[in-house]
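Geometric and topological summary
Letter by letter, the chains look like this.
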Amino acid sequence: MERANLVQYADGAVVSRIVHKNAVGNVTVFAFDEGEGLSEHTAPFDALVEITDGECDITIGGETQRVHAGQMILMPAGIPHALHACRRFQMTLVMLRGA
């Protein structure tokens, strides 16, 4: 299955799909409509995000970075983070469970 077909944009929504899950982590793809996002939260495990389309602002520990298609960013475990779609964007999230 092509990555572009894994998840589709929806007006005014965030769409997600888990594409792999096992004991050591999971991979989830997301599509965010412009203006949508995820409010600040923490996760118990490190998470690696790859932006596959569009761009977004990702805030980690109070510092915001604009991330574009083709870029990756690590969201460390236990550090508050949030995402906001500057325009429509898609991302792949890889959650890495600690050993």
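Placed above this text is the structure.
Structure report, in brief. Since this is a predicted model, take the numbers as computed values, not measurements.

Considering the pattern of salt bridges
One pass over the full model with this rule turns up 5 salt bridges. A salt bridge links D33 to R88, with the nearest nitrogen and oxygen atoms 2.9 Å apart. Of this pair, D33 sits in the loop between β2 (25–32) and β3 (37–41) while R88 sits in strand β7 (residues 81–96); the two residues are 55 residues apart in sequence, bridging distant segments of the chain. Residue D33 is classed as buried on the basis of its relative accessible area, which comes to 12%. Here D57 makes a salt bridge to R66, at a shortest N to O gap of 2.6 Å.

Things to note about the nonpolar core
Ranked by size, the top nonpolar core spans 18 residues in total, and within it V49, I51, I58, M75, F89, M91 and L93 carry the most contacts. For I58, the residues in contact, after removing those within four places along its chain, are V49, E63, T64, Q65, V67, I73, M75, A82 and L83.

A few points about the side chain of Q90
Along the chain, Q90 turns up in strand β7. Residues in contact with Q90, not counting those within four places in the same chain, are V7, Y9, F30, A31, E50, I51, T52 and D53.

Observations concerning the packing of aromatic side chains
What characterises a pair of aromatic rings is the spacing of the ring centres plus the angle enclosed by the ring planes. In this structure the tally under the stated criterion is 2 aromatic pairs. For the ring pair F32 and F89, a centre distance of 4.4 Å and an interplane angle of 5° mean the geometry is stacked. One end of the pair, F32, is in strand β2; the other, F89, is in strand β7, with 57 residues separating them in the sequence. Just as F32 is buried, F89 falls in that class too. Following the ring pairs from residue to residue traces out a cluster consisting of F30, F32 and F89.

Quick notes on the environment of E34
With respect to the secondary-structure elements, E34 resides in the loop between β2 and β3. We classify E34 as exposed; its relative accessible area is 53%. In this structure the C-alpha to C-alpha distance between E34 and R87, which are 53 residues apart in sequence, comes to 4.2 Å. Apart from the residues within four sequence positions on either side, E34 is in contact with A85, C86, R87 and R88.

Conventions adopted
- Residues numbered from 1 in each chain as written.
- Predicted model: local features only at pLDDT ≥ 70, side-chain atom pairs only at ≥ 80, totals over all residues.
- Heavy atoms only, no water.
- Salt bridge = Lys/Arg side-chain N within 4 Å of Asp/Glu carboxyl O.
- Helix = DSSP H or I, 4+ residues; strand = E, 2+ residues; numbered from the N terminus.
- Buried < 20%, exposed > 50% of the residue type's maximum accessible area, 1.4 Å probe, protein only.
- Core = buried A, V, L, I, M, F, W, Y, C linked by side-chain atoms within 4.5 Å.
- Contact = heavy atoms within 4.5 Å.
- Phe/Tyr/Trp six-rings, centres within 6.5 Å; stacked < 30°, edge-to-face > 60°.

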